[in-house]
Structures are given as structure tokens and as C-alpha cells.
Amino acid sequence: MTDQAYNFAYLDEQTKRMIRRAILKGIAIPGYQVPFASREMPMPYGWGTGGVQVTAACLTPDDTLKVIDQGADDTTNAVSIRKFFQRTAGVAVTEATTEATIIQTRHRIPETALTKGQILVYQVPIPEPLRFLEPRETETRKMHELEEYGLMHVKLYEDIARHGTIATSYDYPVKVEGRYVMDPSPIPKFDNPKLSDNPAIQLFGAGREQRIYALPPHTHVVSLDFDDHPFTASKAAHDCDLCAAQDSYLDEVITDDQGNRMFVCSDTDFCRSRREAGHLGRLGTPLSEVEQ
Amino acid sequence: MTVHDRTLTDQPLFQVQGLSKFYGARIGCADVSFDLYPGEVLGIVGESGSGKSTLLSCLAGHLTPDTGRVIFDTAQGPRDTVTMGEAERRRMARTDWAFVHQNPRDGLRMGVSAGGNVGERLMAIGARHYGDIRATAIDWLGRVEIAADRIDDRPRAFSGGMQQRLQIARNLVTGPRLVFMDEPTGGLDVSVQARLLDLLRGLVREMGLSAIIVTHDLAVVRLLADRLMVMKGGHVVEQGLTDQVLDDPQHAYTQLLVSSVLQV
């Protein structure tokens, strides 16, 4: 099954060593962006080259891999990365969050709570939370060094001044263990509370920007806010139309040109397991009636 | 000059001793020494290339001087700002100091609303209450004569004079004790200059600020400065009370400078 032309998990061992060093350093300094020598991967930037390299460095033959893209196991990005590791590493793959030992994710944290021993790998497009406020890399590094994070609040201030509320709904900046301000990758702010005190290891890889950062298990992570405009983890004010879940993050799907739409869980594994357990939403069909 | 209700103490706020900065073999500024007392405004004049801006950058910590000491009377007593850590110096630059650039684009965040610009320093020192920050911003916009309904406009939408006033509000909002100004009226037309000077004079008097103003405009120092330093070729050639220096210049260069002003 493994393509013998490749080393296990595509990257050569020295590269994986280099990446593991960066990961260990990242874990030692939670939230700090560790530079690493990002490799050219056989996929375009923006498709998860950073996440793939981190996953490759963490994979062992005994691991079970799950890959999700916006919560879904069956979208292009997820399918192609899963296939990539099936071919180059021959590891077992799964769609069940509970069975996976390594989960590579694009822009979501699974709804099912993660457990000790799991690794969650994020694909990060722009690791620098201050980037759109301060274009100079030398200056942002200095700001991290000296903990000058007032600018981050200027961004939130602008949100409230313009929209009446903090309108940033994804990529919501967080502070890690009271020290580094970190970009949580473009996860919806609904997922932000799950970053904190998570028993799993969370690793962030940015391929184009050549940065790795990490949250070790049970790291304290706080979403930035104002005293009179506290952080709220928002989601669409609906229940899932397939599985009736009230507390999961929803995708809005337009179903026709008459203005009809449905809301479904973005986490497909979570939604399916609920339907298998007999939960049925407004537009759902019982699984027993669905042709397999 | 008459001393207003400002309290002059024996302890200088800012002491500069033997400050020099070289660019390779060329002199930026050489052997500059002066004391600045609380509430005092010092003007530095001189032609282009005379080292005024180099001196100001060294004083404000933007450049590291080659020799000399720059001692500021911090809350913990006098400290040499050249040798103190960068974190501390930058914190001081955000709280006790202010720097008004000649071009407001250098001192403002052009992509951030006026309110955000004024609030940035507050947020940088830990303000975390949106309502309070906004109220302070509105108050300061009023003080620099910008209408409160412009608070959510970006500086791009402002005229040059308004941008400069916004920059001043942004700098003074944390109640600094020492303000560095680099040609604050440069690039503004004369009527706007006059209003800005009037505003600056009011704020400096009202807040009891000490200020160091670099300019080549003698009218600016005549109006604002208590004391004057004249620079040429990186050296201070003459210093003294503003009126004394301008009315009775001793050094040949100062005489040239004073006589070069057009009388309308």
C-alpha cells in the first residue's frame, strides 16, 4: 500500500527531526512562533503545507489519522491530504474523532471533546496575529518580545466602533498563559473556548510563513476582549437540520433559489454519529431509510 | 519671560550631558549638553543638516548616541535612558513621553479610525473598557478642535491640519510629561499653522508639559519656547532665553538666521 519510492510520511528523516525540534521548542514556549525550514510540498501553499509537515513529523506507523476541512471529512482538502498519507505512510485512517490519534484540521476543532494522547494539527495561513496592523516583521517580533499588545485591542476597538460589537468571527486573537498573543488559525470564534485547557496537544503549522507554534495539554488560553464588550462564542441561532444538535457549529446551505436554506453541523463525524444514535432534525431522514 | 502658574523645581526633568552622534566620519551632532526643567519648553533651531533631527532622535531613543548621557527624571528617580533596557524605554515612550512627527502619516495609523488612534496609547497601557476609551477619545478630539462626529473617520479623510491635531491628541492622551516635536507646523499653511500653535501653546500651558521643539521656523519658537538652542554643523552655537537670542543674537550664524526672516 505504501509507495516505496517515498520515505515514511514523505519527508526525509533529517527534515522530520528538524520539524520535531521546532515542535518541541513550540511546546516549551506555548504560543511562541518558532521559525522552521519549511519544505516544498507536493501541493500548493494554502492547501495545508504547514499542517502536512507537522503531521508528517508526528506520524508513526501505529497512528490513526483523521483529516478534516472546515469540520468535514469528505471535502477536497481533507480527502487529498488523507490520501497523501495513506499513500506515503500507509497509516490507518478514520473519520471518527474518538478513534484518531492525530487529527489534521483546517479551520475547525472537532465537536467531540478531545482526549489525552491525541494530537490536533492546525493548518495556518498567517501565523502572525499582528500582521494586518503592523506590516514589519522586525517590529512584530519586537512587539511579541516586549509584550506590546495594545495594538491587538485597537483592532477590536475598530470592530466595535464600526459594527457596534466585536465583529471578528474567526481568526479571533487569543492570549496564551498570560504571555504570547497567538493567532488560533481561522477557526470560528465558537471554537476558541475549546483551545483552553484542552487535554490534547495542539500544534500549528504555517508552511509558507515557515512558523510552528503549539499549545501543550491544559494550556490556559484567553480570548481578548473589552470589559464592557466581553468575548462571546457565537454560532448561527439554529439547530442542526439533520441531527437537531443545539450546541454545534453550523454551516448554512442554500437549497434553492426561493430563499430556502438549511443549517447543518460543520463537523460531519459529529452529525453522523448523532443521527446514528437516533437524533433527527427538521429536514433529516432517519439513517435506516437512507440507501447505503 | 513671565513664569505662569507652572511649578519650577530644582530638579531637572531631563538632562543631556555631552551627547554626540556620528555617521561614520561625519558629525550628526556633537557634544550637546542642556538641562530641561518641568514645564519648560526648549526650542532647537538651525538650518537643514545642522543636526537638529539627529539630536531629537537621540533624545527620544530612536537613535543610540555614540557618547553622552540622557537622564530622565522617572517615577523611580533620575535614570539614564541610553543604558536602560529597551522594554523599559519603550514603556516610558508610551507613557511619560510623546513624539509628534512632522508628517502626521508617520505618527498616525492611517488605516485606523480617529478614535482608535487616540485610544491606542490607552490600550497599550492596559485600558480594557471600550466605553471609557471612547469617552476619553471624544474628550481629546474636542480639546484639539475635531468634531466628535468625526471619531469613526479615518485620518485619510482629514485635512493636513486636522491630521496634525489628531496626532497631538493621540500623543497627549496618556498625560505625558515630556513631548518631543519635530517640525510640528511643517507643511501646513500659515492660518492653519497659527491655529495649531495657539492650540499647542494652550495645551502646553494647561498640562504643564515640558517640550523640546525642533523647527526652522523662528515664529514657532518665538511663540512656544522659553529657551532656545541654535545649531549649526552639529554643534550648538548659541543658547539662551528665546527673546534674548532672537532680539540680541551674538553668534554670526544666529544673526544671519534672524535677519533671514522675511518681514511682511
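Residues numbered from 1 in each chain as written. Chains lettered and ligands numbered in written order. Predicted model: local features only at pLDDT ≥ 70, side-chain atom pairs only at ≥ 80, totals over all residues. Heavy atoms only, no water.

> Quick rundown of the sheet that holds strand β1 (residues 14–23) of chain B? Include the residues and the values.
Residue and element names in this part refer to chain B. Pairing is antiparallel across the open sheet formed by 4 strands, whose spatial order is β2-β1-β4-β5. Here the strands that pair on one side only, and so sit at the sheet edges, are β2 (26–36) and β5 (77–80). Adjacent strand axes in the sheet meet at a mean angle of 20°, parallel and antiparallel pairs treated alike. Across 5 bridges, the pairing between β1 and strand β4 (residues 67–74) is antiparallel. Paired with S20 across the bridge in β4 is T67. Those strands touched by helix α1 (residues 52–60) are β1, β2 and β4, and its axis lies near 120° from that of β1. (Pairing = 2+ DSSP bridges. Helix = DSSP H or I, 4+ residues; strand = E, 2+ residues; numbered from the N terminus. Axes fitted to C-alpha atoms, helices over the stretch in contact; angles between N-to-C directions. Contact = heavy atoms within 4.5 Å.)

> Tell me what's going on with the nonpolar core, and back it up with residues and numbers.
If you look at the biggest cluster of nonpolar residues, it comprises 67 residues, and the most contacted ones within it are Y157 and F226 of chain A together with V118, L166 and V179 of chain B. For this core, the element with the most residues is helix α5 (residues 150–163) of chain A, which contributes 7 residues. Contacts of F226 of chain A, omitting those with residues within four sequence positions, involve H153, L156, Y157 and I160 of chain A together with M123, R128, H129, Y130 and I133 of chain B. The next biggest cluster of nonpolar side chains, apart from the first, holds 30 residues, and it includes A22, I23, M43 and L65 of chain A. (Core = buried A, V, L, I, M, F, W, Y, C linked by side-chain atoms within 4.5 Å. Buried < 20%, exposed > 50% of the residue type's maximum accessible area, 1.4 Å probe, protein only.)

> I'd love a proper account of the packing of aromatic side chains, names of residues and values included.
The final tally for this structure, using the stated rule, is 17 aromatic pairs over all chains. Taking the centre distance of 5.2 Å and the plane angle of 40° together, the rings of Y157 of chain A and Y130 of chain B count as tilted. With Y157 of chain A in helix α5 and Y130 of chain B in helix α5 (residues 130–143), the pair connects residues from two separate chains. Across the pair, exposure class does not vary: Y157 of chain A and Y130 of chain B are buried alike. Arranged with centres 4.9 Å apart and planes meeting at 65°, the rings of Y172 of chain A and F231 of chain A form a pair that is edge-to-face. You can see Y172 of chain A sitting in the loop between α5 and β6 (174–176) and its partner F231 of chain A sitting in the loop between β10 (221–223) and β11 (250–254), a full 59 residues away along the chain. (Phe/Tyr/Trp six-rings, centres within 6.5 Å; stacked < 30°, edge-to-face > 60°.)

> Which residues make up the interface of chain B and chain A, and what are the values?
Listed as interface residues are 22 residues of chain B and, on the opposing side, 21 residues of chain A. For the pair chain B and chain A, the two sides together bury roughly 1,800 Å², of which 55% comes from carbon and sulfur. Taken as a group, R90, R128 and Y130 of chain B account for 38% of the area that chain B buries against chain A, more than any other trio of residues on that side. The interface formed by chain B and chain A contains 5 salt bridges. Measuring nitrogen to oxygen at the nearest pair gives 2.8 Å for the salt bridge that ties E148 of chain A to R94 of chain B. Our enumeration of links across chain B and chain A arrives at 13 residue pairs in polar contact (both at pLDDT 80 or more). With 5 residues, helix α4 (residues 114–124) of chain B is the largest single contributor of residues to the side of chain B that touches chain A. Taken together, the residues that form the side of chain B that touches chain A break down as 7 nonpolar, 6 polar and 9 charged. (Buried area = accessible area lost by both parts, 1.4 Å probe. Salt bridge = Lys/Arg side-chain N within 4 Å of Asp/Glu carboxyl O. Polar contact = N/O pair within 3.5 Å; in protein donor to acceptor, adjacent residues only side chain to side chain. Nonpolar A, V, L, I, M, F, W, Y, C, P; charged D, E, K, R; others polar.)

> Provide a residue-level description of empty space enclosed by the protein, including the pertinent values.
Inspection of the entire model under this criterion finds 1 cavity of 30 Å³ or more. Size it by volume and the largest cavity reaches roughly 30 Å³. Lining the largest cavity, in full, are E158, A161 and R162 of chain A together with S113 and D152 of chain B. The residue makeup of the lining of the largest cavity, split by class, is 1 nonpolar, 1 polar and 3 charged. (1 Å grid on protein atoms, 1.4 Å probe; cavity = no way out; pocket = protein on both sides within 12 Å on 5 of 7 lines; lining within 4 Å. Points joined across faces, edges and corners; volume = space filled by probe spheres on them.)

> An account of the environment of G61 of chain B is needed here, citing residue identities and associated values.
Residue and element names in this part refer to chain B. Mapped onto the secondary structure, G61 falls in the loop between α1 and β4. On the basis of relative accessible area, G61 is assigned to the partly exposed category, the value being 28%. As for G61 and R89, which are separated by 28 residues in sequence, their C-alpha atoms are 7.6 Å apart.

> Residues and numbers for the pairing of strand β9 (residues 227–232) of chain B, please.
Residue and element names in this part refer to chain B. Of all 6 residues that make up β9, 5 are buried, and the element is covered over most of its length. Note that strand β3 (residues 41–46) and β9 share 5 bridges and pair parallel. When the sheet's bridge partners are listed, L42 is paired in β9 with R227. Hairpin geometry of β9 and strand β10 (residues 235–241) is characterised by an intervening segment of 2 residues between the two adjacent antiparallel strands and by a positive phi of about 55° at G233.

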